[in-house]
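This is what each chain is made of:
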Amino acid sequence: MKPFIISVAAAILCCTASCTAETTQQKAITQVGFENVKIQDAFWSPYLENNALHTIPVCIDQIENQTGRIRNFENAAKRKGQHSGIFFDDSDVYKAVEGVAYSLINHPDAELEKHMDEWIDKFAAAQLEDGYINTFYTLTGLENRWTDMDKHEMYCAGHLLEGAIAYYKATGKDKLLQVAIRMVDYMMETFMLADRHWVPGHEEIELALCKLYALNGEKKYLEFAHWLLEQRGRGYSNLAQSYGLKHYQDVVPVKDLREIHGHAVRAMYLFCGMADVASYIPDTGYMEALDSLWLNVTGGHMYVTGGIGVAYRTEGFSEPYDLPNYEAYCETCASIGMVLWNHRMNEWKGDAQYVNVLERSLYNGVLAGISLQGDRFFYVNPLASHGNHHRQAWYGCACCPSNVCRFIPSVGNYIYGTSRDALWVNLYIGSEATCKVGRKEVKVKMETEMPWQGTSRLTFENKMKGQLRLRIPDWAENFTLSVNDEPVAYQTERGYAVVERRWKEGDVVEINTPMKVKAVAADPRVKADEGQRAIQRGPLVYCAEQVDNTDTFQEIAISEKTEWQTVPVEELGGITRLVGSEKEQTVNLIPYYAWDNREACEMRVWLPWRE
Ligand code: FUB
Ligand code: ZN
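Residues numbered from 1 in each chain as written. Chains lettered and ligands numbered in written order. Predicted model: local features only at pLDDT ≥ 70, side-chain atom pairs only at ≥ 80, totals over all residues. Heavy atoms only, no water.

Let us now look at the overall build of the protein. Counting its secondary structure elements, the protein contains 16 helices and 24 strands. Over its C-alpha atoms the protein spans a radius of gyration of 24 Å, differing by no more than 12% from the 25 Å that the globule rule assigns to 611 residues. In terms of principal-axis extent, the alpha carbons of the protein reach across some 75 × 55 × 50 Å. Within the protein, the proportion of its 611 residues that are buried is 63%. Just so you have it, the protein exposes about 22,400 Å², and 47% of that area is on carbon and sulfur atoms. The protein carries 61 positive and 82 negative side-chain charges, and their two centres are separated by 3 Å. (Helix = DSSP H or I, 4+ residues; strand = E, 2+ residues; numbered from the N terminus. Rg over C-alpha atoms; globule rule 2.2 N^0.38 Å. Buried < 20%, exposed > 50% of the residue type's maximum accessible area, 1.4 Å probe, protein only. Areas by Shrake-Rupley, 256 points an atom, 1.4 Å probe, with all protein chains shown as cover. Lys, Arg positive; Asp, Glu negative; His and termini not counted. Charge placed at Lys NZ, Arg CZ, Asp CG, Glu CD.)

Written out as structure tokens, the structure reads:
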């Protein structure tokens, strides 16, 4: 097989039944939440199982036994004792609760639920009379609360709220939700209603407040999210001391943001909050800002893996096209943020370009952050290593493991969407789903061999009148589409193949997107990738590890003449290897997400290219 050479332009160039909030702005798509999607997939099911079997137990053990995170809550409840760890460690505990909640939907576990109920009792006991909850300030001096905008009080509250909503949805229990709402009400009274300025130094609360509004329809929570967004960029903060205001996206009002700068995870969570608020409140100007920012991020700040945020010191963005490989930071949380943001952009626009980026970040940037067993994690995800990187069970700053814990079991969120008269398929992941198209409940089943082969079949389990919109991945140069084995007419709209008809129970739609091995060239302005190519097949970016190229690693070079073979193997969870040969030379590649699951060794995504 010959490589197909492309030049990528850029850097490598909810409503559920319980929703009562009104959407005033017309979004193109409403996601089908993971709670209505049962994953049954050769690639993804092991990830969900490993999350339940390994990731959640690792997080619980670290939170409870190896670190003092639960003790902090116990001490806060007694209002005495020491605080241990970092000032925002509470957030990891809430993220683990969120992960458990999502996991309980696919993997019910009464004992685990009881365990979480016990944690929740401890959180409730640590809440102050006025509603404030934060173990760091409760134990180090309440007189200092709300004095330093970078101390993540609202960031922790946002994760509390997200965890509480997830736990309520999964179990019907609202004790944690009541704790979270009391904290939110207290924050509203302290700031918005008291006309006191506050710029959260790490965004997160804004998107969480929108989730609360979506859950209970109480407009004041949406207004609080809007108010917080409008606080930014107006000179109200005390954030400048350490990294400068750019780091915190606090230089101009958010509607005027046009170029990306600052801390990557903060930016992603901010953009999610902006998209959420804009979907309810007209004329915010937020979507115009997000359109520019999206072009800017994907046009000069994103790695071929969908990772973002190159700089170690700031965990943030650098100059356009400054994308070093060995030094790439690419925090796992930032890739998760890319998925969350691009998902919202697609909900707004119904344009597959956002899912193309989402898929890139998901299969490469996010999955590289987790070992195949689900028990070890990367915080930074470089695109080349001298063998000095190795996944760890935990980190002093543990935002990434706890984020992975909640992200993996919610991957069902990104597969299907609906609009008044259409069912949208965004990702091809084996699953059974119940979707609301207009007023009609539609059940579908997807079977697929992705990401290894490009054939996917969607079966209607009841009838539906309307459009089926199937995303055509950007890596597919062509595709075929059939219904019940007969070719079918379709139109192409914003990256989706649209087929309209009266669908009957048992109708089978098959989409076939052949996967070629592609040699991807970077934008010439990316100096770090000069004279090199990255290999991609389907959504997966590949890499060379020294362990597979023992004596030849330093001499690896590929060219247009390299003949590629795909070799499915059982190792590393059942990957498809790529073996490239030219004359006497052979190069062995594995998917980037699977690297460092054996001994620590050299690794490269960008490989020398012989013209
Ligand atoms: O500050 C909270 C989290 O810790 C950030 O999102 C990560 O980048 C890490 O700094
Ligand atoms: Zn992180």
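This part covers the side chain of Asn 426. Residue placement: Asn 426 occurs in the loop between strand 6 (422-425) and strand 7 (431-437). The exposure class assigned to Asn 426 is buried, which follows from its relative accessible area of 5%. A polar contact of 3.4 Å, which involves the side chain of Asn 426, links it to the side chain of Asn 346. In contact with Asn 426, not counting residues within four places along its chain, are Asn 346, Val 355, Tyr 414, Ile 415, Tyr 416, Gly 417, Arg 471 and Tyr 496. (Polar contact = N/O pair within 3.5 Å; in protein donor to acceptor, adjacent residues only side chain to side chain. Contact = heavy atoms within 4.5 Å.)

Attention now moves to the state of the cysteines. Tallied over the full model, the rule gives 0 disulfides. Residue Cys 272 stays outside any disulfide, its sulfur separated by 10 Å from that of Cys 210, the closest cysteine. The exposure class of Cys 272 is buried, given its relative accessible area of 0%. Distance from the sulfur of Cys 397, which forms no disulfide, to the nearest cysteine sulfur (Cys 399) is 3.8 Å. (Disulfide = S-S within 2.5 Å.)

What follows concerns the pattern of salt bridges. Applying the stated criterion across every chain, the model contains 40 salt bridges. Asp 256 is the partner of Lys 255 in a salt bridge, and the nearest nitrogen-oxygen pair spans 3.2 Å. The exposure class assigned to Asp 256 is partly exposed, which follows from its relative accessible area of 36%. The partner of Arg 598 in a salt bridge is Glu 545, with the nearest N and O atoms 2.8 Å apart. Of this pair, Arg 598 sits in the loop between strand 22 (585-591) and strand 23 (602-604) while Glu 545 sits in strand 18 (residues 540-545), and the two are 53 residues apart along the sequence. Taken together, the shared-partner salt bridges in this structure form one network comprising Glu 545, Asp 548, Glu 571, Arg 577 and Arg 598. (Salt bridge = Lys/Arg side-chain N within 4 Å of Asp/Glu carboxyl O.)

Attention now goes to the packing of helix 1 (residues 44-66) against helix 3 (residues 90-106). Look at helix 1 against helix 3: their axes get within 10 Å of each other, and the N-to-C directions meet at 150°. Put simply, helix 1 runs roughly antiparallel to helix 3. Helix 3 is crossed by helix 1, and the crossing has left-handed handedness. For the pair formed by helix 1 and helix 3, the contact residues are Leu 48, Asn 51, Ala 52, Ile 56, Cys 59 and Ile 63 on the first element and Asp 92, Val 93, Ala 96, Gly 99, Val 100, Ser 103 and Asn 106 on the second. (Axes fitted to C-alpha atoms, helices over the stretch in contact; angles between N-to-C directions. Parallel < 35°, antiparallel > 145°, perpendicular 65-115°, else oblique. Left-handed = near helix turned anticlockwise from the far one by under 90°.)

To continue, consider the sheet that holds strand 3 (residues 37-39). An order of 3-7-8-9-15-11-12 is seen for the 7 strands of this open sheet, with the pairing classed as antiparallel. Looking at which strands have only one partner, the edges of the open sheet turn out to be strand 3 and strand 12 (486-487). Both strand 11 (residues 480-483) and strand 12 contribute to a ladder of 2 bridges, which runs antiparallel. Paired with Val 483 across the two strands is Glu 486, which belongs to strand 12. (Pairing = 2+ DSSP bridges.)

So, about the environment of Gln 546. Here Gln 546 is to be found in the loop between strand 18 and strand 19 (558-559). A sequence separation of 58 residues divides Gln 546 from Arg 604, and the C-alpha atoms of the two residues are 8.8 Å apart. With sequence-adjacent residues up to four places away left out, Gln 546 is seen in contact with Phe 553, Cys 601 and Glu 602.

Glancing now at the coordination of the zinc ion (ligand 2). Looking at the zinc ion (ligand 2), one finds its protein donor set to be Glu 331 (OE), Cys 333 (SG), Cys 399 (SG) and Cys 400 (SG), positioned 2.1 to 2.4 Å from the metal centre. Note that the zinc ion (ligand 2) binds 4 donor atoms; their angles at the metal cover 94 to 118°, and the shape is tetrahedral. (Donors = N, O, S within 2.8 Å, 3.2 Å for Na, K, Ca; no water. Tetrahedral: all angles 85-135°; square planar, octahedral: opposite > 155°, others 65-115°.)

When pLDDT is averaged along the protein, the result is 95, and 96% of the positions lie at 70 or above. Every residue in residues 1-19 is under pLDDT 50, and counting partners more than four places away or in other chains gives 70 contacts. (pLDDT = per-residue confidence, 0-100.)

Glancing now at the site of ligand 1. Phe 88, His 152, Tyr 155, His 202, His 263, Val 265, Glu 315, Glu 331, Tyr 379, Cys 397 and Cys 399 make up every residue found near ligand 1. At 2.7 Å, a side-chain N or O of His 152 approaches an oxygen atom of ligand 1. Measuring from an oxygen atom of ligand 1, one finds a side-chain N or O atom of Glu 331 at 2.7 Å. Look at ligand 1: alone it shows 270 Å² of surface, and the protein chains cover 93% of it. Classifying every residue of the shell around ligand 1 by side-chain character gives 6 nonpolar, 3 polar and 2 charged. (Near = heavy atom within 4 Å. Nonpolar A, V, L, I, M, F, W, Y, C, P; charged D, E, K, R; others polar.)

Moving on, we get to helix 14 (residues 352-366). Residue pairs three or four apart in sequence face the same way in an α-helix, which turns once every 3.6 residues. For helix 14, spanning 15 residues, the distance from its first C-alpha to its last is 19 Å, which sits close to the expected 21 Å at 1.5 Å a residue. In terms of residue burial, helix 14 counts as a mostly covered element, since 14 of its 15 residues are buried. (Expected span 1.5 Å × (residues − 1).)

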